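A closer look at the structure
Chain by chain, the residues:
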Amino acid sequence: MFETLDGLYTEFTGWLFELAIQPLLYAIGAMDWAEDAYNWLDFFLFGLLQIVVIMAVCWPLEQWKPVERWKTRSVVWTDVFYTVLSSLGLLPLIAFVLLYSAEERIFGWIADSGFIPPTIEEFLPWLRDWPLVALAIYVVILDFGEYWRHRFQHTIPWWWALHSVHHAQKQMTYWTDARNHIIDDAIAAVWFGVIALAIGVPPGQFPVIVMLLKVIEALSHANARISFGWLGERLVVSPRFHRVHHGILSYGEHGKNYAVLMPVWDWMFRTANFDRSRYPETGDPTAPEALVTGGWLRQQWAGSVRLWRALTKRRRPATAKPVAGN
Ligand SMILES: [Zn+2]
Ligand SMILES: [Zn+2]
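Here's what I pulled together on the structure shown here. (Residues numbered from 1 in each chain as written. Chains lettered and ligands numbered in written order. Predicted model: local features only at pLDDT ≥ 70, side-chain atom pairs only at ≥ 80, totals over all residues. Heavy atoms only, no water.)

**Looking at the pattern of salt bridges**
- The final tally for this structure, using the stated rule, is six salt bridges.
- Arg179 is paired through a salt bridge with Asp79; the nearest N and O atoms lie 2.8 Å apart. Taken together, the residues span a long stretch of sequence, with Arg179 in the loop between helix H7 (157–167) and helix H8 (182–199) and Asp79 in helix H3 (residues 74–87) at a distance of 100 residues.
- The exposure class assigned to Arg179 is buried, which follows from its relative accessible area of 0%.
- Assessed through its relative accessible area of 0%, Asp79 is described here as buried. (Salt bridge = Lys/Arg side-chain N within 4 Å of Asp/Glu carboxyl O. Helix = DSSP H or I, 4+ residues; strand = E, 2+ residues; numbered from the N terminus. Buried < 20%, exposed > 50% of the residue type's maximum accessible area, 1.4 Å probe, protein only.)

**So, the coordination of the zinc ion (ligand 1)**
- Those donors, His150 (NE2), His154 (NE2), His163 (NE2), His167 (NE2) and His245 (NE2), are the protein atoms that reach the zinc ion (ligand 1), and they lie 2.1 to 2.2 Å from it.
- Each donor residue of the zinc ion (ligand 1) lies on one chain, and together they are spaced H-x3-H-x8-H-x3-H-x77-H.
- Separating the zinc ion (ligand 1) and the zinc ion (ligand 2) is a distance of 5.4 Å. Of this pair, His163 sits in helix H7 while His245 sits in helix H11 (residues 239–251), placing them 82 residues apart in sequence. Summarising the burial analysis for this pair, His163 and His245 share the class buried. (Donors = N, O, S within 2.8 Å, 3.2 Å for Na, K, Ca; no water.)

**Points about helix H2 (residues 34–64)**
- Helix length check: H2, at 31 residues, gives a terminal C-alpha distance of 45 Å against a target of 45 Å (1.5 Å per residue), a fit within 8%.
- Largest kink in H2: about 30°, centred on Met55.
- Among the residues of H2, those classed as buried are Ala34, Ala37, Leu41, Leu45, Gly47, Gln50, Ile51, Ile54, Cys58 and Glu62. (Expected span 1.5 Å × (residues − 1). Bend = angle between axes of the 7 residues up to and from the residue.)

**Considering the packing of helix H6 (residues 131–155) against H7**
- Where H6 contacts H7, the two axes come as close as 6 Å, and the packing angle between them is 105°. Classified by the angle their axes make, H6 and H7 are roughly perpendicular. Across the interface between the two elements, Arg149, His150, Phe152, Gln153, His154 and Thr155 from H6 touch Pro157, Trp159, Trp160, His163 and His167 from H7.
- Taken together, the residues that form the contact of H6 with H7 break down as four nonpolar, six polar and one charged. (Axes fitted to C-alpha atoms, helices over the stretch in contact; angles between N-to-C directions. Parallel < 35°, antiparallel > 145°, perpendicular 65-115°, else oblique. Contact = heavy atoms within 4.5 Å. Nonpolar A, V, L, I, M, F, W, Y, C, P; charged D, E, K, R; others polar.)

**Side note on the coordination of the zinc ion (ligand 2)**
- Protein coordination at the zinc ion (ligand 2): the donors are His166 (NE2), His221 (NE2), His242 (NE2) and His246 (NE2), at 2.1 Å from the metal.
- In the primary sequence, the donor residues of the zinc ion (ligand 2) line up as H-x54-H-x20-H-x3-H.

**Focus: the environment of Phe44**
- With respect to the helices and strands, the residue Phe44 is situated in helix H2.
- What makes Phe44 partly exposed here is its relative accessible area of 27%.
- When the C-alpha atoms of Phe44 and Ser86 are compared, they prove to be 9.9 Å apart, with 42 residues separating the residues in sequence.

**As for unusual backbone geometry**
- Phi at Asn257 is positive, roughly 55°, even though this residue is not glycine.
- Here Asn257 lies in the loop between H11 and helix H12 (264–268).
- For Arg270, which is not glycine, the phi dihedral falls at a positive 60°.
- If you trace the backbone, Arg270 turns up in the loop between H12 and helix H13 (289–293).
- Given a relative accessible area of 75%, Arg270 falls into the exposed group.

**Focus: the side chain of Glu68**
- Along the chain, Glu68 falls in the loop between H2 and H3.
- Overall, Glu68 belongs to the buried group, its relative accessible area being 17%.
- Among the polar contacts listed, one links the side chain of Glu68 to the side chain of Trp70, at a separation of 3.1 Å.
- Each residue touching Glu68, except ones within four places of it in the same chain, is listed here: Lys170, Asn223, Arg243 and Glu281. (Polar contact = N/O pair within 3.5 Å; in protein donor to acceptor, adjacent residues only side chain to side chain.)

Shown next, in the form of structure tokens:
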């Protein structure tokens, strides 16, 4: 199944590249960039497809059963901008340019050392005949990694400073999933990439996994009064389940529902809230106004200031006593 889809996709991108990108590069005398442009086109199309799928799933649900109705939606547009930036490859493009030399050096070093990371298929060779089972195992492991990354985002002070950008939104919609500090996005990409590499996810399956996680993540942020029922709530993260996580700050209740795809981790580590009547308001009362209603740049800046404060606070010697009156 993956091979056919992959083949069709490659054919389509090749066709589009020859039709639109190649003539343009030729016209501006930038044919040296052909390979980079091709890679970017890949990012771009995949991101576009992702947005289309997410809108097709989430938009009707938000219209059907909204939890909240707002007079103005200007702060929602900021989240739309976040989504476009991260999905259409603009951020990956910047990261690519910045990290290119570092990446080459790292890969060169790995190749020189002769180190090949062990993969799950080496331990369980029969998985090669069961690609869907293998896919499910990769998803479970990656989701476990996401659960712990998310818990660290809430417990490590500098990481929370970054993640607070995500939690500041009071008008949460399916676009809010992409509302993150760019440093946080970069860390997330490395975290996910390293785990995927370590367990040996085949490159062809990687986009399928990313798409699955992104659609569920976007859906879990939807402004929709939707729970998946007693059993469903325990199997897949629903809009209700994740809303409780976003309500923790305004609700005065801490540390619930960190899971990204499967609530089983919250169940296991006792951080789950399965009360199906709960649709709290979202937001972080301690967030500065710039983080709540500012545009992209102001939010990034406010997040960076929070990060700086968290980092410099940490450097103070542990024995230092607060000065009276401060
Ligand atoms: Zn969170
Ligand atoms: Zn969230």
